[in-house]
Amino acid sequence: MIEGIFIEGLIFSVMALGILISFRLLDLADLTCDGSIATGAAVAAVAIVNGIPIPVAMLLAFFAGVLCGLCTAAIHNHLRIPGLLAGILTMTMLYSINLRILGNKANLPLVKVNTLYKAFPKLFKAFPPEVASLIGTIIVIVIIKVILDLFFHSDLGISLGAMGGNEQVVISLGMSPSVLKYIGLGLSNGLIALSGALLAQYQGFADASLGTGMVVQGLAAIMLGEFVFNTNKISLITLRVVIGSIIYKGLMYFGRKYGYLIGITPNDFKLLTGLLVIVSLIIASTRVKASEESAKKKALSKIKESN
């Protein structure tokens, strides 16, 4: 039980990291996520079924997600369509594309083929299957997180992080905001597709409708993480997202298991997730206002003392 919550939370955190890049760093409301996560699952599943090695299948899923992000960026940059609508257009088109990838079927089972979550118990034989799967997932997530942290410590990563805060700073550094949007949305959806590839292997099938409502769930995970601790360090921000994702999956699990005690059913989860995001936004806004007022008071007191 506990192992399953952590595994799902860790897989989910890869998608949440992708959403973090678009919503927090680029300040773009990108809804491509709902399509690209299913694309990653579909590409990985088809590749594995056709005998392609699992690491190669995962890379193919990542690059398929990158292409999804590049498509959204192209629509946004060159057609001057708002980011929200560009993401909706790509997401809508991806549903048909995902069905094509899956051979015009709604889903593709992975029961009879080897996957990561069949390989992990064989690799870590000393542990029970669930624990072995958790250890394998932790290793994969740590590798992804370390690579992402190293990227955001590079000049390109720092420029990407500055995009959402102040686009003029990026221009003054001699970099093109359009190019950074291509890179940011490509990386974002690449991670989201990678999460889909992991999820398909964990649950044993890829589904064309896998991404329904994933954006809101990812935002909820990000905001839950933000309540854990405040930080401006990118390595801690990514860690916060991972923790928030695990908390979110834990809440959903206990909601399914014990929600009946207070009249909550699985049908209510979408509503509760949306309300959680709204409440988190209100609290975040209140915090920002409180910190701004505190800073103003300190500045005024220093001015009075100097006079």
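Here's a quick rundown of the structure. Keep in mind that what you see is a predicted model, and the values were worked out from it rather than measured.

**Focus: helix α2 (residues 33-49)**
Thinking step 1. With 17 residues, α2 extends 24 Å between its outermost C-alpha atoms, agreeing within 8% with the 24 Å of an ideal straight helix rising 1.5 Å per residue.
Thinking step 2. A large share of α2 lies buried, amounting to 15 of its 17 residues.

**Topic: the packing of aromatic side chains**
Thinking step 1. Inspection of the entire model under this criterion finds 5 aromatic pairs.
Thinking step 2. Aromatic pair phenylalanine 12 and tyrosine 248: ring centres 5.5 Å apart, planes at 15 degrees, arrangement stacked. Note that phenylalanine 12 is positioned in helix α1 (residues 2-25) and tyrosine 248 in helix α11 (residues 234-258), a separation of 236 residues in sequence. Pair check on accessibility: phenylalanine 12 and tyrosine 248 agree, each one buried.
Thinking step 3. Relative to phenylalanine 120, the ring of tyrosine 117 lies with its centre 5.3 Å away and its plane at 90 degrees, an arrangement referred to as edge-to-face. Placement of both tyrosine 117 and phenylalanine 120 in helix α5 (residues 116-123) is noted, with a separation of 3 residues, approximately one turn of the helix. Side by side, tyrosine 117 and phenylalanine 120 carry an identical accessibility label, which is buried.

**So, the pattern of salt bridges**
Thinking step 1. Inspection of the entire model under this criterion finds 2 salt bridges.
Thinking step 2. Glutamate 226 serves as the salt-bridge partner of arginine 24, at 2.9 Å between the closest nitrogen and oxygen. One end of the pair, arginine 24, is in helix α1; the other, glutamate 226, is in helix α10 (residues 214-228), and 202 residues separate them in sequence.
Thinking step 3. Look at arginine 24 and you get partly exposed, because its relative accessible area is 38%.
Thinking step 4. With relative accessibility at 15%, the residue glutamate 226 sits in the buried group.
Thinking step 5. The shortest N-O distance in the salt bridge between lysine 145 and aspartate 149 comes to 2.6 Å. Taken together, the positions of lysine 145 and aspartate 149, both in helix α6 (residues 129-152) and 4 residues apart, correspond to about one turn of that helix.
Thinking step 6. Of the residues examined, lysine 145 reaches a relative accessible area of 16% and is grouped as buried.

**Section: the nonpolar core**
Thinking step 1. Ranked by size, the top nonpolar core spans 79 residues in total, and within it Met15, Ile19, Leu191 and Leu198 carry the most contacts.
Thinking step 2. For this core, the leading source of residues is α1, giving 13 residues.

**Section: the packing of α6 against α11**
Thinking step 1. Running from N to C, α6 and α11 point in directions that differ by 145 degrees, and their axes come no closer than 9 Å. Pair α6 / α11 crosses with right-handed handedness. Where α6 abuts α11, its residues Lys145, Leu148, Asp149 and Phe152 lie against Ile234, Ser235, Thr238 and Leu239.
Thinking step 2. Looking at the contact of α6 with α11 residue by residue, the classes come out as 4 nonpolar, 2 polar and 2 charged.

Quick notes on the rules
- Residues numbered from 1 in each chain as written.
- Predicted model: local features only at pLDDT ≥ 70, side-chain atom pairs only at ≥ 80, totals over all residues.
- Heavy atoms only, no water.
- Helix = DSSP H or I, 4+ residues; strand = E, 2+ residues; numbered from the N terminus.
- Expected span 1.5 Å × (residues − 1).
- Buried < 20%, exposed > 50% of the residue type's maximum accessible area, 1.4 Å probe, protein only.
- Phe/Tyr/Trp six-rings, centres within 6.5 Å; stacked < 30°, edge-to-face > 60°.
- Salt bridge = Lys/Arg side-chain N within 4 Å of Asp/Glu carboxyl O.
- Core = buried A, V, L, I, M, F, W, Y, C linked by side-chain atoms within 4.5 Å.
- Axes fitted to C-alpha atoms, helices over the stretch in contact; angles between N-to-C directions.
- Left-handed = near helix turned anticlockwise from the far one by under 90°.
- Contact = heavy atoms within 4.5 Å.
- Nonpolar A, V, L, I, M, F, W, Y, C, P; charged D, E, K, R; others polar.

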